[in-house]
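Examining the three-dimensional arrangement
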Amino acid sequence: MEVSTQVVAMRGDVFDSNCPSRAVLDHVTSKWAVLVLVALRPAELRFSALRRRIGGVSEKMLAQTLRTLEGDGFVARAVAPTTPPQVSYSLTALGVELTEHLFGLLEFLNDRVGDIVR
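Residues numbered from 1 in each chain as written. Predicted model: local features only at pLDDT ≥ 70, side-chain atom pairs only at ≥ 80, totals over all residues. Heavy atoms only, no water.

1. Regarding the overall build of the chain
Our working rule: Under the DSSP-based scheme used, a helix requires at least four consecutive residues in state H or I and a strand at least two consecutive residues in state E, with every element numbered from the N terminus. C-alpha atoms define the radius of gyration, and 2.2 Å times the number of residues to the power 0.38 defines the globule rule. Only the protein chains shown count as cover for residues, and the accessible areas themselves come from Shrake-Rupley with a 1.4 Å probe. By the counting rule applied here, Lys and Arg register as positive and Asp and Glu as negative, while His and the ends of each chain are not counted. For this purpose, a charge sits on NZ of Lys, CZ of Arg, CG of Asp or CD of Glu.
Counting its secondary structure elements, the chain contains 5 helices and 3 strands. Counting helices and strands in the order they occur from the N terminus, the chain gives α-α-β-α-α-β-β-α. Scaling as 2.2 N^0.38, a compact globule of 118 residues should have a C-alpha radius of gyration of about 13 Å, whereas the chain reaches 17 Å, well beyond that. Judged by the C-alpha coordinates and their principal axes, the chain covers about 65 × 45 × 25 Å. Roughly 8,600 Å² of accessible area belongs to the chain as shown, and the carbon and sulfur atoms make up 55% of that amount. One finds the centroid of the 13 positive side-chain charges in the chain at a distance of 10 Å from the centroid of its 13 negative side-chain charges.

Now the structure itself:
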């Protein structure tokens, strides 16, 4: 007898306070999460390079943000077996899909910052 595994597609409702999508929305819309995700868009980065790329982020906040995004499945963490270990971060397929939307937001803000601050 063949056992099939079914993946149940679940659609969230961010307007429902009990929906898990609400917590994920909180995670991915934090200032640091948006910047981390978009910074990883072009390529995998090591922790130190990511910290240099994102001006103003503390080591603690970057580590916390990366852990959260990894837990949500948007970021992958790879540890190279070197001494000392080299840790790098990249987007997962889910992270790439999310970042397409976030990149547009950042492009809008960069392009329209003059109009916004007036």
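2. Remarks on the packing of helix H2 (residues 31-39) against helix H5 (residues 93-117)
Put simply, the rule is: Geometry is summarised by axes, namely lines fitted to C-alpha atoms with helices restricted to the contacting stretch, and by angles between N-to-C directions that run from 0 to 180 degrees. Each angle is binned into one of four classes, with values under 35 degrees roughly parallel, values over 145 roughly antiparallel, values of 65 to 115 roughly perpendicular, and all other values oblique. By definition in these notes, contact holds between two residues if any of their heavy atoms fall within 4.5 Å.
Interaxial distance between H2 and H5 falls to 9 Å at its minimum, and their mutual angle equals 110 degrees. If you check the angle between H2 and H5, you find them roughly perpendicular. Contacts between H2 and H5 pair Val34, Leu35, Leu37 and Val38 from the former with Leu98, Thr99, Leu102, Phe103 and Leu106 from the latter.

3. Some points on the pattern of salt bridges
Cut-off, in case you're wondering: Counted as salt bridges are all cases of a side-chain nitrogen of Lys or Arg within 4 Å of a carboxyl oxygen of Asp or Glu. The buried label goes to any residue with under 20% of its type's maximum accessible area, the exposed label to any with over 50%, and the partly exposed label to all in between, with areas taken from a 1.4 Å probe on protein chains only.
Under the counting rule described, the total for this entry stands at 3 salt bridges. One salt bridge connects Arg112 with Asp115, and the closest N-O pair in it is separated by 2.7 Å. With Arg112 and Asp115 both in helix H5 and 3 residues apart, this pair spans about one turn of that helix. Assessed through its relative accessible area of 37%, Asp115 is described here as partly exposed. A network of salt bridges, in which partner residues are shared, links Arg112, Asp115 and Arg118.

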